[in-house]
Amino acid sequence: MDEKEFRVLIKHYFMKGKTPQETKEKLDKHYGDSAPRLEQFISGFKIFGVAIWAQATLNVLDALLRLLLQKSLIKSMIW
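Source: prediction; values computed, not measured. (Residues numbered from 1 in each chain as written. Predicted model: local features only at pLDDT ≥ 70, side-chain atom pairs only at ≥ 80, totals over all residues. Heavy atoms only, no water.)

Comments concerning the side chain of T23
Thinking step 1. One can find T23 in helix α2 (residues 20-31).
Thinking step 2. Discounting chain neighbours no more than four positions away, the residues touching T23 are I10, Y13, K18, F41 and F45. (Helix = DSSP H or I, 4+ residues; strand = E, 2+ residues; numbered from the N terminus. Contact = heavy atoms within 4.5 Å.)

Structure (structure tokens):
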């Protein structure tokens, strides 16, 4: 199995709330020596965590921007 396919499995277990160690154990059980090293799981989990944090931050900023624009448009209509 290539690296991209393992990345999909790592993301799947990340989204299920598993730890890197639990994920490593499951993939070792199914894929044996061809499974990535634990360090790769840990870095993958960090990347997915940062991506989710960034998306949540963008959603909050987008909502704030929409609110500010609405307030601004309402003020311009009143004045």
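Quick word on the nonpolar core
Thinking step 1. Counting 8 residues, the largest nonpolar core is built from F6, I10, Y13, L27, A35, F41, F45 and F48.
Thinking step 2. Looking at this core, the elements with two or more residues in it are α1 (3-15) and α3 (38-78).
Thinking step 3. Those residues in contact with Y13 that lie beyond four places of it in its chain are K18, T23, K26, L27 and F45. (Core = buried A, V, L, I, M, F, W, Y, C linked by side-chain atoms within 4.5 Å. Buried < 20%, exposed > 50% of the residue type's maximum accessible area, 1.4 Å probe, protein only.)

Considering α2
Thinking step 1. In a regular helix each residue adds 1.5 Å, so 12 residues correspond to 16 Å; α2 covers 16 Å between its end C-alpha atoms and thus fits that length.
Thinking step 2. Among the residues making up α2, those that are buried are P20, T23, K24 and L27. Take α2 and look down its axis: the buried residues cluster within an arc of 100°, on one side only. For α2, exposure combined with an orientation more than 90 degrees from the buried face picks out E25 and K29. (Expected span 1.5 Å × (residues − 1). Arc of directions from axis to C-beta.)

Quick look at the side chain of K24
Thinking step 1. Here K24 lies in helix α2.
Thinking step 2. When near neighbours in sequence (up to four residues on either side) are disregarded, K24 contacts A35, P36, R37, L38 and F41.

A word on a nonpolar patch on the surface
Thinking step 1. A surface patch of nonpolar side chains, amounting to about 470 Å² of accessible area, comprises L58, L61, L64, L67 and L68.
Thinking step 2. Here L58 is to be found in helix α3.
Thinking step 3. By relative accessible area, which is 51% here, L58 ends up exposed. (Patch = residues over 30% accessible without salt bridge, like charges linked within 9 Å, V, L, I, M, F, W, Y side chains within 5 Å. Areas by Shrake-Rupley, 256 points an atom, 1.4 Å probe, with all protein chains shown as cover. Salt bridge = Lys/Arg side-chain N within 4 Å of Asp/Glu carboxyl O.)

Remarks on the pattern of salt bridges
Thinking step 1. In this structure the tally under the stated criterion is 2 salt bridges.
Thinking step 2. Between D28 and K24 there is a salt bridge, and its shortest N-O distance comes to 3.0 Å. Of the two residues, D28 and K24 both sit in helix α2, 4 residues apart, roughly one turn of that helix.
Thinking step 3. For D28, a relative accessible area of 29% puts it in the partly exposed group.
Thinking step 4. K24 gets classed as buried once you look at its relative accessible area, which sits at 17%.
Thinking step 5. Note that D62 is salt-bridged to R66, the shortest N-O span being 3.0 Å. With D62 and R66 both in helix α3, this residue pair falls 4 residues apart, about one helical turn.

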